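The residues making up each chain are set out below.
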Amino acid sequence: MELPVNVLDEWVKGKMGVESNRRLTPKIIKDYQLGKLVDVLTYVSQTSPFYRRHLEGCQVNNLKSLEDVARLPFTTEEDLRSSGLQMLCVSQSRINRVVTLDTSGTTGSPKRVFFTLDDQALTVEFFQQGLATFTSSGEKVLIFLPGERPGSIGDLLAKAMENLGVEPVQFGVGQTLREILDKLVDTQAQVIIGIPIHVLALARYHRLLVPQKPLNLKRVLLTTDYVAQTVVEAIRGSWHCEVFRYYGMTEMGYGGGIECRQHDGYHLYQGDFLLEIVDPDLGTRLPEGELGEVVITTLTRKGMPLIRYRTGDLARLIPEPCSCGSVLIRLGPIKRRITGLIKVAENTGITIGELDEILLALPGVVDFTAVFSSLTEPFLLEIEVETLGRTIDLPQLQRALQAHPAAELLLKQDRLRLRIKEIVDPAGYQPRIGKRRLEVKTDHEGQG
Ligand SMILES: [Zn+2]
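1. Focus: the overall build of the protein chain
Next up, step 1: Secondary structure assignment for the protein chain yields 12 helices and 20 strands.
Next up, step 2: Scaling as 2.2 N^0.38, a compact globule of 448 residues should have a C-alpha radius of gyration of about 22 Å, and the protein chain matches this with 22 Å.
Next up, step 3: Taken along the three principal axes of its C-alpha coordinates, the protein chain extends 60 × 55 × 45 Å.
Next up, step 4: The proportion of buried residues among the 448 residues of the protein chain is 56%.

2. Quick notes on the coordination of the zinc ion
Next up, step 1: In this structure, Cys260 (SG), His267 (NE2), Cys322 (SG) and Cys324 (SG) serve as the protein donors to the zinc ion, at separations of 2.1 to 2.3 Å.
Next up, step 2: With four donor atoms in place around the zinc ion and angles of 100 to 114° between them, the coordination shape is tetrahedral.
Next up, step 3: Coordination of the zinc ion draws on donor residues from a single chain, spaced C-x6-H-x54-C-x1-C in sequence. Per residue, the accessibility class of Cys260 equals that of His267, and both read buried.

3. Digging into the sheet that holds strand β20 (residues 438-441)
The strands that make up a sheet pair up through hydrogen bonds in the backbone, lying either parallel or antiparallel.
Next up, step 1: Judged by pairing direction, the sheet is mixed, and its four strands sit side by side in the order β19-β18-β17-β20 without closing on themselves. Either end of the sheet is taken by a strand with one partner, and the two such strands are β19 (416-423) and β20. Across the sheet, the mean angle from the axis of one strand to that of its neighbour is 20°, orientation sign disregarded.
Next up, step 2: Pairing analysis gives eight bridges linking strand β17 (residues 365-373) to strand β18 (residues 380-388), with the strands arranged antiparallel. Residue Phe368 lies in a different strand from β18, and its bridge partner there is Val385.
Next up, step 3: Docked against the sheet, helix α10 (residues 352-359) engages β17, β18 and β20, running at close to 140° with respect to β17.
Next up, step 4: Along the sheet, helix α11 (residues 394-402) makes contact with β18 and β19, crossing β19 at roughly 130°.

4. Regarding the domain arrangement of the protein chain
Next up, step 1: Taken as a whole, the protein chain is organised into domain 1 (1-338) and domain 2 (342-441).
Next up, step 2: Across the boundary between the two partners, domain 1 contributes 25 residues, which contact 26 residues of domain 2.
Next up, step 3: Between domain 1 and domain 2, roughly 2,100 Å² of surface is buried when both sides are summed, and carbon and sulfur atoms account for 61% of that area.
Next up, step 4: In terms of surface lost to domain 2, no three residues of domain 1 exceed Ile197, Arg204 and Thr230, which account for 24% of the buried area on that side.
Next up, step 5: Applying the counting rule to domain 1 against domain 2 returns zero salt bridges.
Next up, step 6: Scanning the region where domain 1 abuts domain 2 turns up nine residue pairs in polar contact (both at pLDDT 80 or more).

5. Digging into the sheet that holds strand β10 (residues 273-278)
Next up, step 1: An order of β10-β11-β12 is seen for the three strands of this open sheet, with the pairing classed as antiparallel. Looking at which strands have only one partner, the edges of the open sheet turn out to be β10 and β12 (309-315). If you compare each strand with its neighbour and ignore which way they point, the axes differ by 30° on average.
Next up, step 2: Note that β10 and strand β11 (residues 292-298) share six bridges and pair antiparallel. Residue pairing across strands places Glu276 opposite Val295, the latter belonging to β11.

6. Observations regarding the nonpolar core
Next up, step 1: Within the largest apolar cluster, 146 residues are counted, with the highest numbers of intra-cluster contacts made by Leu331 and Leu401.
Next up, step 2: Two domains each donate at least three residues to this core, and these are domain 1 (1-338) and domain 2 (342-441).
Next up, step 3: Sequence-distant contacts of Leu401, that is, excluding residues within four places in its chain, are made with Leu355, Ile358, Leu359, Ile383, Ala407, Glu408, Leu411, Leu416 and Leu418.

7. A closer look at the pairing of β17
Next up, step 1: Burial runs high along β17: eight of the nine residues are buried.
Next up, step 2: For β17 and β20, the ladder comprises four bridges, and the chain directions are parallel. In the strand pairing of β20, Ala370 is matched with Leu438.

8. Quick look at the pattern of salt bridges
Next up, step 1: In the structure shown here, the tally under the stated rule is 23 salt bridges.
Next up, step 2: Residue Arg261 is joined to Glu242 by a salt bridge in which the shortest nitrogen-to-oxygen separation is 2.4 Å. Here Arg261, found in the loop between β8 (257-259) and β9 (266-268), pairs with Glu242, found in strand β7 (residues 242-247); they are 19 residues apart in sequence, far enough to count as distant.
Next up, step 3: Across the pair Glu422 and Arg390 runs a salt bridge, and its minimum N-O distance is 3.6 Å. Here Glu422 is found in strand β19, whereas its partner Arg390 is found in the loop between β18 and α11, with 32 residues between them in sequence.
Next up, step 4: By relative accessible area, Arg390 is classed as exposed at 75%.
Next up, step 5: Taken together, the shared-partner salt bridges connect Glu77, Glu78, Arg81, Lys111 and Glu251 into one network.

9. A few points about the packing of α11 against helix α12 (residues 405-412)
Packed helix pairs are characterised by how far apart their axes lie and by the angle those axes make with each other.
Next up, step 1: The N-to-C vectors of α11 and α12 enclose an angle of 130°; their axes lie 7 Å apart at closest approach. With respect to each other, α11 and α12 are oriented oblique. In this structure, α11 uses Gln398, Leu401 and Gln402 to contact α12, whose residues at the interface are Ala407, Glu408 and Leu411.
Next up, step 2: Here the residues of the contact of α11 with α12 are counted per class, giving three nonpolar, two polar and one charged.

10. Quick notes on the side chain of Gln33
Next up, step 1: You can see Gln33 is positioned in helix α2 (residues 26-47).
Next up, step 2: Apart from residues lying up to four places away in sequence, Gln33 is in contact with Leu66, Gln270, Phe273, Leu274 and Leu299.

11. Things to note about the packing of α10 against α11
Next up, step 1: Between α10 and α11, the least distance of the axes is 9 Å, while the angle of their chain directions is 130°. In terms of orientation, α10 and α11 fall into the oblique class. Read as a crossing pair, α10 and α11 show a hand that is right-handed. Where α10 approaches α11, its residues Leu355, Ile358 and Leu359 are matched on the opposing element by Leu397, Ala400 and Leu401.
Next up, step 2: Here the residues of the contact of α10 with α11 sort into six nonpolar, no polar and no charged.

So, how was this worked out
- Residues numbered from 1 in each chain as written.
- Predicted model: local features only at pLDDT ≥ 70, side-chain atom pairs only at ≥ 80, totals over all residues.
- Heavy atoms only, no water.
- Helix = DSSP H or I, 4+ residues; strand = E, 2+ residues; numbered from the N terminus.
- Rg over C-alpha atoms; globule rule 2.2 N^0.38 Å.
- Buried < 20%, exposed > 50% of the residue type's maximum accessible area, 1.4 Å probe, protein only.
- Donors = N, O, S within 2.8 Å, 3.2 Å for Na, K, Ca; no water.
- Tetrahedral: all angles 85-135°; square planar, octahedral: opposite > 155°, others 65-115°.
- Pairing = 2+ DSSP bridges.
- Axes fitted to C-alpha atoms, helices over the stretch in contact; angles between N-to-C directions.
- Contact = heavy atoms within 4.5 Å.
- Domains from an automatic or database assignment.
- Buried area = accessible area lost by both parts, 1.4 Å probe.
- Salt bridge = Lys/Arg side-chain N within 4 Å of Asp/Glu carboxyl O.
- Polar contact = N/O pair within 3.5 Å; in protein donor to acceptor, adjacent residues only side chain to side chain.
- Core = buried A, V, L, I, M, F, W, Y, C linked by side-chain atoms within 4.5 Å.
- Parallel < 35°, antiparallel > 145°, perpendicular 65-115°, else oblique.
- Nonpolar A, V, L, I, M, F, W, Y, C, P; charged D, E, K, R; others polar.
- Left-handed = near helix turned anticlockwise from the far one by under 90°.

Spelled out as structure tokens, the structure:
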């Protein structure tokens, strides 16, 4: 397959109004971003009641360099919950889609993200540019994502594909592994786009139980914020295909960055986002290359722009140029969510991301639940691993967990209960919808 050279750079260049005979440089990107930043700050201060208050006294017209953005206050998930509607910069009648996110918070109100028609067109543009880097016209792409409703991710992806001459195979989620695999066999799609855990389940089901079914799969794109390296390797190993990762949260209108064929970090969509890395505790900006919390500012959103939004993702920017030749800066792999760390002892704890890396590496595992219970003293962590067929046993599960210092400590203290749940009908298995997380059981209200 012939891949177009640096599609993303050409797109960003066009966005920044750089003439075709000039090269895109980091300086051009920074100057453009500063201009856009001032524009968006002015826009939100004039149109959104929340930002008018939030940015009061910040002299938003007076930013001299991108570094000055550090003078502005952060926005957080809690702002989305408590002041979502106040953050809007347009009247509610211009909102075309509202996405409610299911993550838990302290205020009890849902976290909602609002999109205008223009914002949705921007999402289609993000998808189209990303797709152009790893698909060719005439190919078929199985969309293994929610896509039933107009304006959903699957629907917008299909639009982007049609613009590119790529054929979308809409499948949605909530189907059984057999149904999805049959579709893949029938259509002989070359590409799958999906959520890591779902694609992993499909790959394992195929290799373990129906390997005689012939596929024509060449590439897989995994979306969502955190993609375990283990999952990438397991899918690559099962299907001998190339696996790309995409970084794009709902809050970012599903845009953000995509891996190039070097598979070493996400090239960021710098025409639309300003991204900073800050110290998660102090909130101070960290130099390029240091690990910290990802903070984003949307530069082109209309309905609900986000200014210095704390994503809760931990990652670092990769300052070295990429060997693919792109000048778009790269974001390294997302290490873990900042929240959700279970502290086991003074200097050690465990996260869902680390559990992913350990548990999903085991053969046949397609999902797991982890329940942290502080109803007992000391607390207890219960892990149930779901497998297709009898692929692992308890001692094997224990040995795998012992590789993690926190889990090893819990095992020693008999505070880690393990269970293996064998999926009786693998063909009828439906991958679970929604983000997995460590479930917490406490006697405090509002949690659990
Ligand atoms: Zn690259």
